[in-house]
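Inside the fold
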Amino acid sequence: TTAMPTTNQNVVGLFQFNRRNTTDRYTIACTATRIMLVPTSGAWTVLSSGGTGGTTDYWDAHVFNNELILCNGVDTPFISDGTAGGTSAIVSQAATQSRTAMTTAQSLMAGLHAVDDGVLIGATGATTAGSFDGATNRYDTIGDAWRTMTRSNLNRDEGSGFVAFGKLHVISGTSAASTFTPTGEGYNHHTDVWRAITNITTSLRQMPPGLGVNNSGYIQTGNDSASAAGWVTTNYQYDPAIDGWTTRLAITSTARRQAAGFAIGQMTHISSGRTTVGPDNQVTTHDEYNPFSNAWTSLATQTAYRRNSGGSAGSNSLGYVFGGEDTTPTEVGTIYSYTRATDAWATPAATLGTARQVCGAAKDAEWLYIAGGAVGANASAVMERFNTSPAAPVARYIESFKSYLLMARTSSYPSRVFYSLPGESRIWPDFNYFDVIPDDGDWITGMFVYDGRFYVSKTDMIYQIAFSVLDPVDGDQTPIPLENVKGTVSNRSIVVTDHGVYYLAEDGFRFFDGARSAGISDKIQPKMDGYV
């Protein structure tokens, strides 16, 4: 086949795997700086040129969910489906990932909402220009599938939505052109039933953020007429336990509508939007409401003005604002994140694949999902997700066991094993790790699975890691030292077969059968000064 480019001949990793369709088998050659697809004919394809390793920084790789995950101890691990577009570093906030489109294209002013683990609901909103709809759609985050559910009792747009006690509530908005409605409804996703709830205290609200915290719902700012003079600073709390509304302290900054909203901890945040000060002026104002003290605090202004953005909390107590319209007005795909601890905004590298406004956003596990919206006069069915977990560890070795992906030996923690969420190669929570006897003066030199057991090797000993579940709080992982079982000096020498495991140790090649390790070569220098 076509010769490898002469500038990339120092191969430090060679791997094969089947793509997700399980029919295309790819061969990947890694140099110190590049990950390349070996062609069956024609030119080589550079999948990534982002490596920074040297000629002795060898890659380790593992196939997980029909993708190849690669690590070399100096670079953030990469994941590849065998295409350049499907190859990237496993870092947080780097890119959005396309998912199955909504069953019905729909703007989601009332939001996308997590009502249960793995279950998101998007309800009401315009499905065509100028429409008022009660379409309700359910998304399964695990199966990546949408399902059409029972419609709400009232067709509406420009309303607010929040979750309290695991149930979605949709409030107010417009039910026909220029016809505002105070109507409220609650939706139970277990029974797929909508029911009427007490209407909001004031009769009319349009385009306010709706936020659920501490099992109460909050409708903050918005407008109560079609004119700018009707835009308000009001703040209403709904208590589902008594099906009643309470007037709380109005926002102390300017009145506005079409703002983004998200919750951090038990505080609500209202950011950007359009204000009544002047003829449809825009603001980047950002305010926090404390429902316990009934007080507002002005915070750092949003990086740039946006209206009709989607908002959601993410991991690590960050808030996010997705898309919306700028001052042009033009739909944008920019994503902004906000950190409360430092009162600072940042702009992640990722952008929405489809720039749009009035999209819904919701968190499930470490993913933020962004659905629906509008582009011009057309509703959107686009669904994307955004990884908010920490970056994968910069580790040397990789293995999988019991649906977990495991990486081991970073420069800071040479005796530590990190693990992903079950079934998720891209999600690496901060505290998902365990240490293997860190004070023994040794370090991890490899990992392997044999005969249904998971093993971690150091230079002087092999440890079986027994567990039924990995978790930083409830996990039961236990390193079991295998006495008189010498470990490997080279992860790349480990060969797992049906009848045992071969590997290179300090005293030569050895064979491990799950209980004992026997030397099988006396022709290797007993003590090597250096080895890979």
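For clarity, every value in this text was computed on a predicted model and none was experimentally measured.

Summed over all chains, the structure comprises 0 disulfides. Residue cysteine 30 stays outside any disulfide, its sulfur separated by 10 Å from that of cysteine 71, the closest cysteine. In this structure cysteine 30 comes out as buried when scored by relative accessible area, which is 0%.

Moving on, we get to the nonpolar core. Among the nonpolar cores identified, the biggest contains 18 residues, and Leu406, Val417, Phe434, Phe454, Val456 and Ile465 are the most heavily contacted of them. Sorting the residues of this core by element identifies β38 (397-401), β39 (404-408), β40 (416-419), β42 (444-450), β43 (453-458) and β44 (462-466) as the ones contributing at least two each. Examining the composition of this core, we find that 3 residues originate from one element, β39, more than from any other. What phenylalanine 434 contacts, discounting residues up to four positions off in sequence, is Leu406, Ser415, Arg416, Val417, Tyr419, Phe454, Ile465, Leu470 and Gln477. Counting residues in each nonpolar core, the second largest holds 14 residues, with Phe17, Tyr26, Leu37 and Leu47 among its members.

What follows deals with the sheet that holds strand β19 (residues 193-197). Across the sheet, 4 strands lie side by side as β14-β15-β18-β19; this open sheet has antiparallel pairing. Looking at the sheet topology across the chains shown, the edges are occupied by β14 (160-164) and β19. Neighbour-to-neighbour, the strand axes of this sheet turn through a mean angle of 25°, independent of strand direction. Of the strand pairs in this sheet, strand β15 (residues 167-171) and strand β18 (residues 184-188) are connected by 4 bridges, and their pairing is antiparallel. Residue isoleucine 171 lies in a different strand from β18, and its bridge partner there is glycine 184.

Across the sheet, which stays open at both edges, the 4 strands sit in the order β38-β39-β40-β41 with antiparallel pairing between neighbours. Every interior strand has two partners, whereas the edge strands, β38 and β41 (433-435), have only one. The average undirected angle you get between the axes of adjacent strands in this sheet is 25°. Taken together, the 3 bridges between β40 and β41 define a ladder with antiparallel strand orientation. Of the residues in β41, the one forming a bridge with valine 417 is phenylalanine 434.

Of the consecutive residues threonine 328 and proline 329, the connecting peptide bond is found in the cis state with omega at 0°. The residue proline 329 is located in the loop between β30 (318-322) and β31 (335-339) in this model. Phi is positive for glutamine 258, close to 60°, though the residue is something other than glycine. Structurally, glutamine 258 is set in the loop between β24 (256-257) and β25 (260-264). Overall, the relative accessible area of 4% leaves glutamine 258 in the buried class. Backbone geometry places arginine 409, a non-glycine residue, at a positive phi of 65°. Its place among the elements puts arginine 409 in the loop between β39 and β40.

Within β18, 5 of the 5 residues are buried, which leaves it mostly tucked inside the rest of the structure. Because side chains alternate across β18, one face comprises the buried residues Gly184, Gly186 and Asn188, and the other comprises Glu185 and Tyr187, equally buried. Across 5 bridges, the pairing between β18 and β19 is antiparallel. Looking at the pairing, tyrosine 187 lines up with tryptophan 194 of β19. Hairpin connection, β18 to β19: the antiparallel pair is bridged by 4 residues, and aspartate 192 has positive phi, about 55°.

This brings us to the side chain of threonine 136. Locating threonine 136 in the fold gives a position in strand β12 (residues 136-140). Given the relative accessible area of 2%, threonine 136 is considered buried. Residue contacts for threonine 136: discarding those within four places in its chain leaves Ile121, Gly122, Ala123, Arg147, Thr148, Met149, Thr150, Arg151, Ser152, Tyr187 and Trp194.

Another point: the layout of surface pockets. Considering only enclosed or pocket space, the largest pocket measures out at about 790 Å³ in volume. For the largest pocket, the lining is made up of 40 residues, of which His113, Leu211, Gly212, Gly311 and Ser312 are closest to its centre. Mapped onto the lining of the largest pocket, the elements with two or more residues apiece are β10 (112-116), β14, β20 (210-213), β25, β29 (310-313) and β33 (360-364). Its residues placed into classes, the lining of the largest pocket shows 22 nonpolar, 16 polar and 2 charged. Computed from the structure, the second largest pocket encloses a volume of approximately 540 Å³.

Moving on: the pattern of salt bridges. Throughout the structure, instances matching the rule amount to 16 salt bridges. The closest approach of N and O atoms between arginine 453 and aspartate 451, which form a salt bridge, is 3.3 Å. Assessed through its relative accessible area of 35%, arginine 453 is described here as partly exposed. In this structure, glutamate 506 and lysine 486 form a salt bridge, with 3.6 Å as the shortest nitrogen-oxygen distance. Residue glutamate 506 is located in the loop between β47 (500-505) and β48 (508-512), and its partner lysine 486 is located in the loop between β45 (478-482) and β46 (495-497); the two are separated by 20 residues in the primary sequence. Taking relative accessible area as the criterion, glutamate 506 reaches 14% and is therefore assigned buried. Connected through shared salt-bridge partners, Asp460, Lys486 and Glu506 make up one network.

Right, let's talk about the packing of aromatic side chains for a bit. One pass over the full model with this rule turns up 25 aromatic pairs. Summarising the aromatic geometry, the rings of tyrosine 455 and phenylalanine 512 are spaced 5.2 Å apart at their centres and angled 85° between planes, so their arrangement reads as edge-to-face. Here the residue tyrosine 455 occupies a position in strand β43, and phenylalanine 512 occupies one in strand β48, the gap between them amounting to 57 residues. Neither tyrosine 455 nor phenylalanine 512 differs from the other in exposure class; each is buried. Counting every residue linked through ring pairs, the aromatic cluster contains Phe401, Tyr404, Tyr419, Phe434, Phe454 and Phe467. Geometry around phenylalanine 467 places lysine 402 over its ring, the cationic atom sitting 5.0 Å from the centre.

Let us look at the environment of tryptophan 296. Note that tryptophan 296 resides in strand β28 (residues 295-298). Judged by its relative accessible area of 10%, tryptophan 296 is buried. Residues tryptophan 296 and leucine 249 lie 47 residues apart in sequence; the distance between their C-alpha atoms is 8.0 Å. Non-local contacts of tryptophan 296, meaning those with residues more than four positions away in its chain, are made with Gln220, Asn235, Leu249, Ala250, Ile251, Thr252, Ile270, Asp287, Glu288 and Tyr289. Within the local environment of tryptophan 296, its side chain forms a polar contact with the backbone oxygen of leucine 249, the two atoms lying 2.9 Å apart. A polar contact is formed between the side chain of tryptophan 296 and the backbone oxygen of alanine 250, at a distance of 3.2 Å.

Analysis parameters
- Residues numbered from 1 in each chain as written.
- Predicted model: local features only at pLDDT ≥ 70, side-chain atom pairs only at ≥ 80, totals over all residues.
- Heavy atoms only, no water.
- Disulfide = S-S within 2.5 Å.
- Buried < 20%, exposed > 50% of the residue type's maximum accessible area, 1.4 Å probe, protein only.
- Core = buried A, V, L, I, M, F, W, Y, C linked by side-chain atoms within 4.5 Å.
- Helix = DSSP H or I, 4+ residues; strand = E, 2+ residues; numbered from the N terminus.
- Contact = heavy atoms within 4.5 Å.
- Pairing = 2+ DSSP bridges.
- Axes fitted to C-alpha atoms, helices over the stretch in contact; angles between N-to-C directions.
- 1 Å grid on protein atoms, 1.4 Å probe; cavity = no way out; pocket = protein on both sides within 12 Å on 5 of 7 lines; lining within 4 Å.
- Points joined across faces, edges and corners; volume = space filled by probe spheres on them.
- Nonpolar A, V, L, I, M, F, W, Y, C, P; charged D, E, K, R; others polar.
- Salt bridge = Lys/Arg side-chain N within 4 Å of Asp/Glu carboxyl O.
- Phe/Tyr/Trp six-rings, centres within 6.5 Å; stacked < 30°, edge-to-face > 60°.
- Lys NZ or Arg CZ within 6 Å of the ring centre and 35° of its normal.
- Polar contact = N/O pair within 3.5 Å; in protein donor to acceptor, adjacent residues only side chain to side chain.

Honestly, it's all geometry; don't read function into it.
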